[in-house]
Amino acid sequence: MKNLLPLQELDLKIETCRLRELEIPKQKQKFDVQKKRLAVELDERDKAFKALQLEQKECEKDIEQKQAQILKYRNQLNAVKKNEEYQALLHEIDMIEKQIGVKEERILVVMDEIDAAKMRLAEDKKRIDLELKQIADHCAEIDAELTEAVKSRKELEAQREPLLTSADPALVSKYNRIRTAKKTGAAIVPMNGTTCSGCNMTVTAQAVNEILGGKVHACAHCGRLLYNPEFYLETSVG
Ligand SMILES: [Zn+2]
């Protein structure tokens, strides 16, 4: 029994370590969210930039088509006989030229916008790259923290063996069974007066007597092993 209490103390420490190991990676979650947000932001900027480039190309293509149309009409001018047909074609050509003028003006505006968007995109890329680098640094720190936590837990686990071998095997197996069933917390608890300090229920009179006499007894309510604390005051893993 004397060796079981330090074992339990060790196991509770190991349990705390395990919980910490589960918590540490969660710190990365906010960085994942941040990374996604940055990727979306960059994507939107890039799309806006490409949309402007596309508009410029479409304007240019449109102008080409209109110029081809004008050329076609000019050739027709030579063939028409009637003056009104001639006038109608001239009017048509004039209309298309005006439309070309509008497109050319639009191209100038779009080119300015492209320049601005290009600059903004470069700035954003720079800023986002920096943010991503900072995130990567934070994540590396978190990974290092986890590695360290695992290492210290393994060091604690290595201390179990000597305690296990020097404890009563029957008690160890009971202890293991309770710990496996309860998953967390203490499996061996001191009796507090006539109550179990694990579940706060009253221990039967007969069990109280046996425990006071130095025996270890399972609590009838929660199953934890009960002991008389006065027998084991000097127990600590340190
Ligand atoms: Zn109990």
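Residues numbered from 1 in each chain as written. Predicted model: local features only at pLDDT ≥ 70, side-chain atom pairs only at ≥ 80, totals over all residues. Heavy atoms only, no water.

Student: How should the coordination of the zinc ion be read in this particular structure?
Tutor: Surrounding the zinc ion are the protein donor atoms Cys196 (SG), Cys199 (SG), Cys219 (SG) and Cys222 (SG), which sit 2.2 to 2.3 Å from the metal. Taken together, the 4 donor atoms coordinating the zinc ion span angles of 106 to 113° at the metal, a pattern that classifies the geometry as tetrahedral. Counting gaps between the donor residues of the zinc ion yields the pattern C-x2-C-x19-C-x2-C. One end of the pair, cysteine 199, is in the loop between strand S2 (195–196) and helix H6 (205–212); the other, cysteine 219, is in the loop between strand S3 (217–218) and strand S4 (225–227), and 20 residues separate them in sequence. Under the relative-accessibility criterion, cysteine 199 is labelled partly exposed at 22%. (Donors = N, O, S within 2.8 Å, 3.2 Å for Na, K, Ca; no water. Tetrahedral: all angles 85-135°; square planar, octahedral: opposite > 155°, others 65-115°. Helix = DSSP H or I, 4+ residues; strand = E, 2+ residues; numbered from the N terminus. Buried < 20%, exposed > 50% of the residue type's maximum accessible area, 1.4 Å probe, protein only.)

Student: Looking at this structure, I do not really get the domain arrangement of the chain. What am I missing?
Tutor: Accessible area lost upon the coming together of the parts serves often as the stated size of an interface. When its domains are assigned, the chain resolves into domain 1 (11–158) and domain 2 (168–231). Between the C-alpha centres of domain 1 and domain 2 the distance comes to 66 Å. (Domains from an automatic or database assignment.)

Student: Can you walk me through unusual backbone geometry in this structure?
Tutor: Excluding glycine, most residues fall at negative phi; most peptide bonds, likewise, are trans. Non-glycine residue asparagine 200 carries a positive phi angle of around 65°. Relative to the elements of secondary structure, asparagine 200 occurs in the loop between S2 and H6. Given the relative accessible area of 59%, asparagine 200 is considered exposed.

Student: Any chance you could explain the sheet that holds S3 here in plain terms?
Tutor: Hydrogen bonds between backbone atoms are what pair the strands of a sheet, whose relative direction is either parallel or antiparallel. With mixed pairing, the 4 strands of this open sheet are ordered in space as S2-S1-S4-S3. At either end of the open sheet lies a strand with only one pairing partner, and these are S2 and S3. Relative to S4, S3 runs antiparallel, the two being bridged by 2 bridges. When the sheet's bridge partners are listed, alanine 218 is paired in S4 with leucine 225. (Pairing = 2+ DSSP bridges.)

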